[in-house]
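Spelled out, the chains give:
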Amino acid sequence: MEETLYIKNMVCGRCVAAVEKALAEQGIVPVSVELGVVRLSELLNPDCRERLRGELERLGFSLLEEYNAQLVAHVKGAVIEYARGVPAAHRDNLSEFLSHRINRDYSFISKLFSETCGITVEKFLIAQRVEYVKELLAYGELSLAEIADRLGYSSAAYLSSQFKRVTGMTPGEFRNLPVKERRPLDSF
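Parameters at a glance
- Residues numbered from 1 in each chain as written.
- Predicted model: local features only at pLDDT ≥ 70, side-chain atom pairs only at ≥ 80, totals over all residues.
- Heavy atoms only, no water.
- Buried < 20%, exposed > 50% of the residue type's maximum accessible area, 1.4 Å probe, protein only.
- Helix = DSSP H or I, 4+ residues; strand = E, 2+ residues; numbered from the N terminus.
- Arc of directions from axis to C-beta.
- Core = buried A, V, L, I, M, F, W, Y, C linked by side-chain atoms within 4.5 Å.
- Contact = heavy atoms within 4.5 Å.
- Pairing = 2+ DSSP bridges.
- Axes fitted to C-alpha atoms, helices over the stretch in contact; angles between N-to-C directions.
- Phe/Tyr/Trp six-rings, centres within 6.5 Å; stacked < 30°, edge-to-face > 60°.
- Lys NZ or Arg CZ within 6 Å of the ring centre and 35° of its normal.
- Salt bridge = Lys/Arg side-chain N within 4 Å of Asp/Glu carboxyl O.
- Polar contact = N/O pair within 3.5 Å; in protein donor to acceptor, adjacent residues only side chain to side chain.
- Parallel < 35°, antiparallel > 145°, perpendicular 65-115°, else oblique.
- Nonpolar A, V, L, I, M, F, W, Y, C, P; charged D, E, K, R; others polar.

(A) Expanded view of helix H4 (residues 94–102). Residues Leu 94, Phe 97, Leu 98 and Ile 102 constitute the buried set of H4. One side of H4 holds all its buried residues, which, seen down the axis, span an arc of 105°. Positive phi appears at Asn 103, one or two residues downstream of H4, with a value of about 65°.

(B) Spatial organisation of the nonpolar core. Core analysis: the largest hydrophobic core is formed by 39 residues, its most contacted members being Ile 7, Met 10, Val 19, Val 38, Leu 56, Val 79 and Leu 98. For this core, the secondary structure elements donating two or more residues are strand S1 (3–8), helix H1 (13–25), strand S3 (37–40), helix H2 (46–58), helix H3 (67–85), H4, helix H5 (106–117) and helix H6 (121–139). Excluding its chain neighbours within four sequence positions, the residues that come into contact with Val 38 are Glu 3, Thr 4, Leu 5, Ile 7, Val 19, Leu 23, Pro 30, Ser 32 and Val 33.

(C) Representation of the sheet that holds S3. Overall, antiparallel pairing links the 4 strands, which are arranged S2-S3-S1-S4 in an open sheet. The sheet terminates laterally at strand S2 (30–34) and strand S4 (62–64), the two strands that pair on one side only. For this sheet, the mean angle separating the axes of adjacent strands, direction not counted, is 25°. Note: S1 against S3, 4 bridges, orientation antiparallel. Along S3, the bridge assignment pairs Thr 4 with Arg 39. Here H1 sits on the sheet in contact with S1, S2 and S3, set at roughly 155° to S2.

(D) Representation of the packing of aromatic side chains within the structure. In this structure the tally under the stated criterion is 4 aromatic pairs. For the pair Phe 163 and Phe 174, a centre-to-centre distance of 5.8 Å together with 70° between the ring planes defines the contact as edge-to-face. A residue pair is termed long-range when its members are at least 10 positions apart, and Phe 163 in helix H8 (residues 156–167) and Phe 174 in helix H9 (residues 171–175) qualify at 11 residues. Judged by its relative accessible area of 0%, Phe 163 is buried. Cation over ring: Arg 104 sits above Phe 108, and NZ or CZ is 4.0 Å from the ring centre.

(E) Local environment of the pattern of salt bridges. In this structure the tally under the stated criterion is 11 salt bridges. Taking the shortest distance from any N to any O, the salt bridge between Lys 111 and Glu 115 comes out at 3.8 Å. Placement of the pair is Lys 111 and Glu 115 together in helix H5, with a separation of 4 residues, close to one helical turn. Exposure class is identical for Lys 111 and Glu 115. Each is exposed. With a shortest N-O distance of 3.0 Å, Glu 131 and Lys 134 are connected by a salt bridge.

(F) How the structure looks around the side chain of Glu 131. Mapped onto the fold, Glu 131 is located in helix H6. At 3.0 Å, the side chain of Glu 131 forms a polar contact with the side chain of Lys 134.

(G) Local environment of the pairing of S2. Relative to S3, S2 runs antiparallel, the two sharing 4 bridges. Residue pairing for S3: Glu 34 is matched across the bridge by Val 37. Between S2 and the antiparallel strand that follows it, S3, lie 2 residues; Gly 36 among them carries a positive phi value of about 80°.

(H) Region of the structure containing the pairing of S1. Note that S1 and S4 share 3 bridges and pair antiparallel. Directly across from Lys 8, in S4, lies its bridge partner Ser 62.

(I) Inspection of the packing of H6 against H8 at higher detail. Packing of H6 against H8 leaves a shortest axis separation of 10 Å and a crossing angle of 105°. With respect to their mutual orientation, H6 and H8 come out roughly perpendicular. Counted together, Ile 126, Val 130, Val 133, Lys 134 and Leu 137 of H6 and Leu 159, Gln 162, Phe 163, Val 166 and Thr 167 of H8 form the full contact between these two elements. Its residues assigned to classes, the contact of H6 with H8 shows 7 nonpolar, 2 polar and 1 charged.

These results come straight from atomic positions and should not be treated as a statement about function.
Below, the structure is given as structure tokens:
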């Protein structure tokens, strides 16, 4: 019988790699590991689950047991993926993407997320996108227009106004800061 584990605080590729390593150290072979979700081909026995829980906590992750917490973690991972990895040319709107990914009605997802997190899914997406824009600006490899295009914004001007509304500064001002402060993705 298959088992799905939901893991809190998995927010990037390095997190996936860390969880894969922790699983391997416990002798657990996953079917797949994605942001916030590990699929196993069989159920974990209680001792193995507790050892894995301890290792994940040591690494800064949490094994989620409560269904709504699992679902919210899954939504967060999907939103981060949407904000960072879905090519703009192939992007559904957020509600369609989440409904398909989570296999639930978007109104249910949105209500549960807002009640649990105290922020709407859309505001969470904007915060994730702004943090990703900060990352791309810090690298200095792309122009603002290229970043806007990559993230599916209608224009660099719209990206700039959203960035300023969230951070209080323009992308150019951020790029010129000597120390570019960013928020950990799991702090939203």
